[in-house]
Amino acid sequence: MRVSKRDYDLFVIGAGSAGTRASRMAARYGARVAVAEERYLGGTCVNVGCVPKKLFVYGSHYSEDFDDAAAYGWTVAGARFDWPTLRDNKTREIERLNGAYRGLLESAGVEIITRRVRLRDRHTIEVGDATVTAERILVATGGWPHVPDFPGREHVITSNEAFYLDAFPERVVVVGGGYIAVEFAGIFAGLGARTTLTYRGPLFLRGFDDGVRTFVAGQLRDKHIDLQFDAHVERVELTRSGSRRVVLDDGRSVEADLVLYATGRRPNVRGFGLEDVGVRLNERGAIAVDDRYRTSVDNIYAIGDVIDRVQLTPVAIAEAMVLSGNLFNGTDRTLDYRGVPTAVFCQPNIGTVGLTETQATDAGHSVRIFESTFRPMKHTMSGRNERTFMKLVVDARDDRVLGAHMVGPDAGEIIQGLGVALKAGATKAQFDSTIGIHPTAAEEFVTMRDPVR
């Protein structure tokens, strides 16, 4: 299906989750497609995000697994951690995935351009010293870690660099309160570093259910992560020994070998010529789009983290599916952002879908709250103090389950299934009538009978 006399029907800037999927699907629908990527195929998720992060979470959890094994009759003597092995094996896996992404694009007939490009006008793209033209342009350039300006910011790193450290640190300070900060605090602590997490607010993980936030804080403290809330970093100093001193505005300080700033990610919009062709940004610095992902320039589109709606890989892929179908397969769809399930791979994991208790009450729902806290079966023998937390938010008027939240092993795996139930509009009575799988933690979601409030 050739819809233009220009060089391409679709030119995509950025080959992350969003750009790759949109490129492939558009090409399968018959469009002539090129995708430009200056860094690495697969974007943040594959290279410096979801995938390597979860591999590091797996690696860091072995320290607890070795301890727990003793109660089950295993003797594990002399276990030690070797950072270069984990780091380099992770890198080899990422390189394999880079190749897989290239294969997917090439097999779909997408032309891959491995350099930075810039828009000259609404249909013309500068590629080095040459130019090409496209009927439609898609911007899918993702996000980038943001470190605020403060004295000593040159002495800190972001999550991008954390995946490639030359040596593993003995002492780490993580600054931030979002999922990246919480996940890396667990990774560093699990791998053996003395870990401090500082956050400027009274409690981290803003936007998650308050019960989840409070429970996770207790669990991380039990794992000897030093949580410092209402802590504002004033400066970071380089000491004579080469370590970093994090000085707080109340005069306290923490010394560390590594300071990781996880203070948010911002849309990656600079240097692509967007402002020159009239692509408008919103108040958050993201590309402003309508519900069909069209920007202020009607043949230029944007999806993924660069539009800062829901910064999750599956959401970016879903946006790509909607857009490619609308442009090249005759559909006219929009994406429903309600009820998006997500997980935080802290230790123990968080899984959540639907409304928090606060969101439900703020939306005018009269709610019933069901909660359960218990020790996972594995730890009844291991003796570990780790516990699991589950919560259901239910509309008292029509019995519909509005939200499901969990902290515990495999929380993401369990919540994925509940995401289907909430999408289908399941009621608490239907949860109650479902037979549980025994013995599992997941059965608790269908056996919570009495509301706690």
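Here the structure is a predicted model, which means the values were calculated and not measured.

Novice: What is the right way to look at helix 3 (residues 50-69) in this model?
Specialist: Think of an α-helix as 3.6 residues a turn; residues three or four steps apart then line up on the same face. Between the first and last C-alpha of helix 3 there are 28 Å, a value that for 20 residues agrees with the 28 Å anticipated at 1.5 Å per step. Maximal helix bending in helix 3 amounts to about 35 degrees, located at Ser63. Among the residues making up helix 3, those that are buried are Pro52, Lys53, Phe56, Val57, Ser60, Glu64, Asp68 and Ala69. Its buried side turned inward, helix 3 meets helix 2 (43-48), helix 4 (83-107), helix 5 (159-162), helix 6 (179-190) and helix 10 (377-382).

Novice: What exactly am I supposed to notice about the sheet that holds strand 11 (residues 233-238) here?
Specialist: To summarise the sheet geometry, strands pair through backbone hydrogen bonds and adopt either a parallel or an antiparallel arrangement. The 3 strands lie next to each other as 11-12-13, forming an open sheet whose pairing is antiparallel. In the strand order of this sheet, the two ends are held by strand 11 and strand 13 (253-256), each with one partner. Averaged over all neighbouring strand pairs, the angle between strand axes comes to 20 degrees, with direction disregarded. Where strand 11 lies against strand 12 (residues 244-248), 5 bridges are found, and the strand directions are antiparallel. Its bridge partner being in strand 12, Glu237 is matched across the sheet by Arg245.

Novice: Got a minute to help me understand the packing of aromatic side chains in this structure?
Specialist: Two aromatic rings, taken as a pair, are described by how far apart their centres are and by the angle between their planes. This model, assessed by the stated rule, comprises 12 aromatic pairs. Arranged with centres 4.9 Å apart and planes meeting at 20 degrees, the rings of Phe150 and Tyr261 form a pair that is stacked. Residue Phe150 is found in the loop between strand 7 (143-145) and helix 5, and its partner Tyr261 is found in strand 14 (residues 258-261); the two are separated by 111 residues along the sequence. Sitting above the plane of the Tyr164 ring, Lys90 keeps its charged end 3.6 Å from the centroid.

Novice: Even after reading the chapter, I still don't get the environment of Pro151, so can you show me in this structure?
Specialist: Looking at the element boundaries, Pro151 is found in the loop between strand 7 and helix 5. Apart from residues lying up to four places away in sequence, Pro151 is in contact with Glu234, Arg235 and Val236.

Novice: What should I look at first to understand the sheet that holds strand 10 (residues 226-228) in this one?
Specialist: A sheet is described by the order of its strands in space; here 4 strands give the open sequence 10-9-8-14, paired in parallel fashion. Edge positions in the sheet fall to strand 10 and strand 14, since each of these pairs with one other strand and no more. Between one strand and the next, the sheet's axes are offset by a mean angle of 20 degrees, whatever the strand orientation. Of the pairings in the sheet, the one linking strand 8 (residues 171-175) to strand 9 (residues 194-198) comprises 5 bridges and is parallel in character. Of the residues in strand 9, the one forming a bridge with Val174 is Leu197. Contacting strand 8, strand 9 and strand 14, helix 6 crosses the sheet at an angle of about 165 degrees to strand 9.

Novice: Sorry if this is basic, but what is going on with the layout of surface pockets here?
Specialist: Gaps between atoms show up when a probe of the same size as a water molecule is rolled over them. Approximately 370 Å³ is the volume found for the second largest pocket. For the second largest pocket, the lining is made up of 20 residues, of which Glu64, Ala189, Asp222, Lys223 and His224 are closest to its centre. Where the lining of the second largest pocket is concerned, the elements lending two or more residues are helix 3, helix 6, strand 9 and helix 7 (210-222). With 4 residues, helix 3 is the single largest residue contributor to the lining of the second largest pocket.

Novice: Help me out: how do you make sense of the packing of helix 1 (residues 17-28) against helix 8 (residues 313-328) in this one?
Specialist: Axis angle and axis distance: for two packed helices, these are the angle between their axes and the distance between the axes, and together they describe the pair. One can describe the packing of helix 1 onto helix 8 by two numbers: an axis separation of 8 Å at closest approach and a directional angle of 30 degrees. Overall, the two elements helix 1 and helix 8 adopt an arrangement that is roughly parallel. The crossing of helix 1 and helix 8 is right-handed. Where helix 1 abuts helix 8, its residues Ser17, Ala18, Arg21, Ala22, Met25 and Ala26 lie against Thr313, Ala316, Ile317, Ala320, Met321, Ser324 and Phe328.

Novice: Explain the pattern of salt bridges to me, please; I cannot follow it from the model alone.
Specialist: Proximity of charged atoms lets side chains of opposite charge pair with each other. For the structure on display, the rule yields 41 salt bridges. Two residues, Arg32 and Asp9, come together in a salt bridge whose shortest N-O distance is 2.9 Å. Taken together, the positions of Arg32 in the loop between helix 1 and strand 2 (33-36) and Asp9 in strand 1 (residues 8-13) put the pair 23 residues apart, joining distant regions of the chain. Asp9 matches Arg32 in its accessibility class, with the two residues each being buried. In this structure, Glu64 engages Arg384 in a salt bridge whose closest nitrogen and oxygen atoms are separated by 3.9 Å. Of the two residues, Glu64 is situated in helix 3 and Arg384 in the loop between helix 10 and strand 20 (388-395); the sequence distance between them amounts to 320 residues. Residue Glu64 is classed as buried on the basis of its relative accessible area, which comes to 11%. Three or more residues joined by partner-sharing salt bridges are found here, namely Glu64, Asp67, Asp68, Lys223, Arg384 and Glu386.

Analysis parameters
Residues numbered from 1 in each chain as written. Predicted model: local features only at pLDDT ≥ 70, side-chain atom pairs only at ≥ 80, totals over all residues. Heavy atoms only, no water. Helix = DSSP H or I, 4+ residues; strand = E, 2+ residues; numbered from the N terminus. Expected span 1.5 Å × (residues − 1). Bend = angle between axes of the 7 residues up to and from the residue. Buried < 20%, exposed > 50% of the residue type's maximum accessible area, 1.4 Å probe, protein only. Contact = heavy atoms within 4.5 Å. Pairing = 2+ DSSP bridges. Axes fitted to C-alpha atoms, helices over the stretch in contact; angles between N-to-C directions. Phe/Tyr/Trp six-rings, centres within 6.5 Å; stacked < 30°, edge-to-face > 60°. Lys NZ or Arg CZ within 6 Å of the ring centre and 35° of its normal. 1 Å grid on protein atoms, 1.4 Å probe; cavity = no way out; pocket = protein on both sides within 12 Å on 5 of 7 lines; lining within 4 Å. Points joined across faces, edges and corners; volume = space filled by probe spheres on them. Parallel < 35°, antiparallel > 145°, perpendicular 65-115°, else oblique. Left-handed = near helix turned anticlockwise from the far one by under 90°. Salt bridge = Lys/Arg side-chain N within 4 Å of Asp/Glu carboxyl O.

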